[in-house]
Amino acid sequence: MAAIMKGLDIERTLRRMTHEIIESHVKLQEVVLVGIKTRGEYLAKRIAQNLFEFEKISVPCISLDISLYRDDLSYISDTKEPQVQKEPLSCNLNNKVVIIVDDVLYTGRTVRAALDAILTQTRPQKIQLVILVDRGHRELPIRADYVGKNIPTSKKERVRVQVKEVDGTDQVEIIE
């Protein structure tokens, strides 16, 4: 187990990515942060706090549970199609710049599920992606617009992100 990032590193990285978001968006009032549960939602809240601290603008920040949109769902009963029930979004995303926030980008399947969850309910003007750690090994053509750190890994390794709101500490580790 090797710690790649710790508390202050993560804080600096989120602050840098917040500045990149500010530089990319003239109208921050059109931005909505969508954090993928669980750790992505806390990273999104921190970015929202940074936006307020740096620009004195409060952007909506919502959580998104994508578990029912995953393409690797186990099938319910003996039917051929999975049973999916939509959880309504807590914010109107129509014509907004949606910035999806997650902790690790690996195969791209989590992000695809988030896109499905958003696009089945609303029509944003634009969707972007913030990722704390990009570890490679994509199975889908998905890339992040804002990347905290690129960490090349083998498929045998796992990247574990811990956030103080859930785990009591801020840390990124590679686990064999």
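For the structure, check the block above.
Residues numbered from 1 in each chain as written. Predicted model: local features only at pLDDT ≥ 70, side-chain atom pairs only at ≥ 80, totals over all residues. Heavy atoms only, no water.

A. Here's a closer look at the pairing of strand S5 (residues 126-134). Of all nine residues in S5, seven are buried; the element is thus mostly enclosed. Following the chain from strand S4 (residues 97-105) across helix H3 (residues 109-119) to the adjacent parallel S5, one finds a crossover that is right-handed. Pairing geometry for S5 and strand S6 (residues 146-150), over four bridges, is parallel. Residue pairing across strands places Val 133 opposite Lys 149, the latter belonging to S6. (Buried < 20%, exposed > 50% of the residue type's maximum accessible area, 1.4 Å probe, protein only. Helix = DSSP H or I, 4+ residues; strand = E, 2+ residues; numbered from the N terminus. Right-handed = clockwise from strand over helix to strand, strands pointing away. Pairing = 2+ DSSP bridges.)

B. View of the sheet that holds S6. An order of S3-S2-S4-S5-S6 is seen for the five strands of this open sheet, with the pairing classed as parallel. Each of the sheet's edge strands pairs with one partner strand only, and the pair in question is strand S3 (61-64) and S6. Across the sheet, the mean angle separating the axes of adjacent strands is 25 degrees when strand polarity is ignored. Summarising the sheet, S4 and S5 pair through eight bridges and their orientation is parallel. Bridging across to S5, Val 101 finds its partner in Val 130. Running at roughly 150 degrees to strand S2 (residues 31-36), helix H2 (residues 39-55) makes contact with S2, S3, S4 and S5 of the sheet. Where H3 meets the sheet, it contacts S2, S3, S4 and S5, and its direction lies at approximately 155 degrees from that of S4. (Axes fitted to C-alpha atoms, helices over the stretch in contact; angles between N-to-C directions. Contact = heavy atoms within 4.5 Å.)

C. How the structure looks around the packing of helix H1 (residues 7-24) against H2. Interhelical geometry of H1 versus H2 gives an angle of 60 degrees and a closest axis separation of 9 Å. With respect to their mutual orientation, H1 and H2 come out oblique. Pair H1 / H2 crosses with right-handed handedness. Where H1 approaches H2, its residues Ile 10, Leu 14, Arg 15, Thr 18, His 19, Ile 21 and Ile 22 are matched on the opposing element by Leu 43, Arg 46, Ile 47, Asn 50, Leu 51, Glu 53, Phe 54 and Glu 55. For the contact of H1 with H2, the residue count by class is eight nonpolar, three polar and four charged. (Parallel < 35°, antiparallel > 145°, perpendicular 65-115°, else oblique. Left-handed = near helix turned anticlockwise from the far one by under 90°. Nonpolar A, V, L, I, M, F, W, Y, C, P; charged D, E, K, R; others polar.)

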